[in-house]
Amino acid sequence: MITRTRLAAGACALLAALAAGMAFPAGASAGEPTGEDAPKVDLVLDVSGSMRTRDIDGGTRMAAAKQAFNEVLDATPEEVQLGIRTLGADYPGDDRKTGCKDTAQLYPVGPLDRTEAKTAVATLAPTGWTPIGPALLKAADDLDGGAGSKRIVLISDGEDTCAPLDPCEVAREIAAKGIGLTIDTLGLVPNTKMRQQLSCIAEATGGTYTSVEHTDELTDKVNQLVDRAADPVVTPVATEGADACAKAPTLKSGLYTDREEFGQQRWYRVDVEPGQELRASVSVGADRAVNPSYGVLLRAVTVHGREIVRGEAAGDGRTDVLSTGLRYPKAESDEDDAAAEAVCLQVTNSFSVAAGVKTTPGLPLELTVDVVDGPGDSDDVAAFGLGRGWWLLGLLVLVGFVAGLLWGWLSRWRFAIWRTN
């Protein structure tokens, strides 16, 4: 009797394991980003004279930054290549021209030697100016090369003192290069002007801004940003759309980045074979102040100008990114050697700016192109939204039915034994 009970329980466990394995398949699908190139992070620290101020947990801002850096260095993942750059750390004088060149690489971006990096941080003392713009340009050079994720984490307690090299314009220029670099900013005990400047820097590259008033907040946020750099990413490929379909670059499946002037049209071409489906989406970001009420239009047209399908979206000023997309399935052909169709993608925006706001460089544009096998006849109906999920649902129903029979048989057998005894 005991043997029969164990067999029944084992059968139920096996069926449950099979169902769980089918419901939660392991392993990544082919084509997912693997993060083979080492992610890079450059921590840019403001070491200007104002960092002597004692208003963070009873200590100076510099002391809070050093403590946070020590804890971050201990927690940095092994796969992350980390560097440290300073601004305002070396020149204590009053000459503005010299002070605005005061940025240096304290620890080079590369495999992390924690002891060496901590020793370098320990030597820092609040000194001079706040050349944020020049420091960002140099930090972008520190991270140049490779296809892995690149992130600058700027920590400052004041706005830039070296304008007219506007840090926000510098961030836009970095984003326009299409190198996939993100700038995150952290403001120590910020005021309104500093908050606006650091927010603008972050938004220009798709980064984040955080206000920090305690040491543990600074440690947690920097750790979070460094860990985020280790996540696999897909780096957009820089491209340049044309002003007409005939001149447009031909794109393969992938993620692309471009810049589009206000009210401008950008054209791209994609080859679609018979039986394939083109899926495209576009996002346009307002990285500066724009007027409310705007829109983005994405059209797929033939080389002769006939519209195939379109996607459009409108905004009212509540969001700074607007996205839309489209799908175009090309029918199968009876001819074996049928040629691919050249489909032209047109991106148009209706953003506008008030007087005094710079219109160059253009707005950041991100275009996704995916050419896949078209849906079969049986897949067009989508099976009430489940598609091929009906196969899994049927299997789960069958497994549940068999498991219920086994459990019912086992329960009846145990009840019969109980009555006999």
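Here, the structure is the one placed above.
Parameters and conventions
Along each chain, residue indices are assigned from 1 in the same order as the chain's sequence is written. Owing to the predicted nature of the model, reporting of local features is limited to residues with pLDDT of at least 70; listing and counting of side-chain atom pairs is limited to 80 or more, with chain, interface and lining totals taken over all residues. Based on all heavy atoms of the structure, the side-chain values leave hydrogens and waters out of the count. Every helix listed is a DSSP run of H or I at least four residues long, and every strand listed is a run of E at least two residues long, numbered separately from the N terminus. Buried, partly exposed and exposed residues are distinguished by accessible area as a fraction of the type maximum, computed with a 1.4 Å probe on protein chains only: under 20%, between the cut-offs, and over 50%, respectively. Here a residue-residue contact requires only that any non-hydrogen atoms of the pair lie within 4.5 Å. Each pair of strands is called paired provided DSSP finds at least two bridges between the two strands. The criterion is simple. A nonpolar core is a set of buried Ala, Val, Leu, Ile, Met, Phe, Trp, Tyr and Cys residues joined through side-chain atoms within 4.5 Å. What makes a patch is a set of residues exposed beyond 30% relative accessible area and free of salt bridges, joined within 9 Å when like-charged and within 5 Å when nonpolar (Val, Leu, Ile, Met, Phe, Trp, Tyr). Working definition of accessibility: Shrake-Rupley area with a 1.4 Å probe, residue cover restricted to the visible protein chains. When a carboxyl oxygen of Asp or Glu lies within 4 Å of a side-chain nitrogen of Lys or Arg, that pair is called a salt bridge. The convention is simple: Lys and Arg are positive, Asp and Glu are negative, and His and the chain ends are not counted. The atom standing in for a charge is NZ when the residue is Lys, CZ when it is Arg, CG when it is Asp and CD when it is Glu. In this analysis an axis means a line fitted to C-alpha atoms, helices contributing only their contacting stretch, and an angle means the value between N-to-C directions, from 0 to 180 degrees.

The topology assignment puts Glu273 in the loop between strand E11 (265-272) and strand E12 (276-285). When its relative accessible area of 37% is taken as the criterion, Glu273 is described as partly exposed. Once the C-alpha coordinates of Glu273 and Asp373 are considered, the two residues, 100 residues apart in sequence, prove to be 9.1 Å apart. Setting aside chain neighbours within four positions, we find Glu273 in contact with Lys330, Ala338, Ala339 and Ala340.

In spatial order, the strands read E9-E10-E17-E12-E15; together these 5 strands make up an open sheet with mixed pairing. Strands with a single pairing partner mark the edges of an open sheet, and in this sheet they are strand E9 (237-238) and strand E15 (321-329). Alignment of E9 against strand E10 (residues 254-260), held across 2 bridges, turns out to be parallel. When the bridges of E10 are listed, Ala238 appears paired with Thr257.

Residues of E15 alternate between two faces, with Leu322, Thr324, Leu326 and Tyr328 buried on one and Val321, Ser323, Gly325, Arg327 and Pro329 left unburied on the opposite face. In terms of strand pairing, E12 meets E15 through 9 bridges, oriented antiparallel. The residue bridging Glu277 from the neighbouring strand is Pro329, located in E15.

Turning to the nonpolar core, a few remarks are in order. As a rule of thumb, soluble globular proteins bury nonpolar side chains together. Among the nonpolar cores identified, the biggest contains 32 residues, and Leu43, Leu45, Ile155, Leu186, Leu218, Val222 and Val226 are the most heavily contacted of them. Contributions of two or more residues to this core are made by strand E1 (40-46), helix H2 (61-75), strand E4 (81-87), helix H4 (114-122), strand E6 (150-156), strand E7 (181-188) and helix H8 (215-229). Top contributing element to this core by residue count: H2, with 7 residues. Among residues more than four places away in sequence, those in contact with Leu43 are Phe69, Leu82, Gly83, Ile84, Arg85, Val153, Val222 and Val226.

Taken together, the side chains of Asp57, Glu71, Glu213, Asp216, Glu217 and Asp220 make up a negatively charged region of the molecular surface. Structurally, the position occupied by Asp216 is in helix H8.

What follows concerns the pattern of salt bridges. A side chain with one charge can pair with a side chain of the opposite charge if their charged atoms come near. Under the criterion given, the structure shown has 15 salt bridges. Here Asp55 and Arg61 are joined by a salt bridge, their closest N and O atoms 2.7 Å apart. Since its relative accessible area comes to 10%, Arg61 is described here as buried. Among the salt bridges present, the one from Arg266 reaches Asp258, with a minimum N-O distance of 3.3 Å. In this structure Arg266 comes out as buried when scored by relative accessible area, which is 9%. Via salt bridges that share partners, Arg299, Glu307, Arg310 and Glu312 belong to a single interconnected network.

Along the chain, Thr215 turns up in helix H8. Those residues in contact with Thr215 that lie beyond four places of it in its chain are Ile56, Asp57, Ala64 and Gln67.

Pairing in this open sheet of 4 strands is antiparallel, and the strands run E11-E16-E13-E14 from one edge to the other. Either end of the sheet is taken by a strand with one partner, and the two such strands are E11 and strand E14 (307-315). Mean inter-strand twist for the sheet, computed between neighbouring axes without regard to direction, equals 15°. When strand E13 (residues 294-301) meets E14, the two strands line up antiparallel, connected through 8 bridges. Following the sheet pairing, Leu298 is matched in E14 by Gly311.

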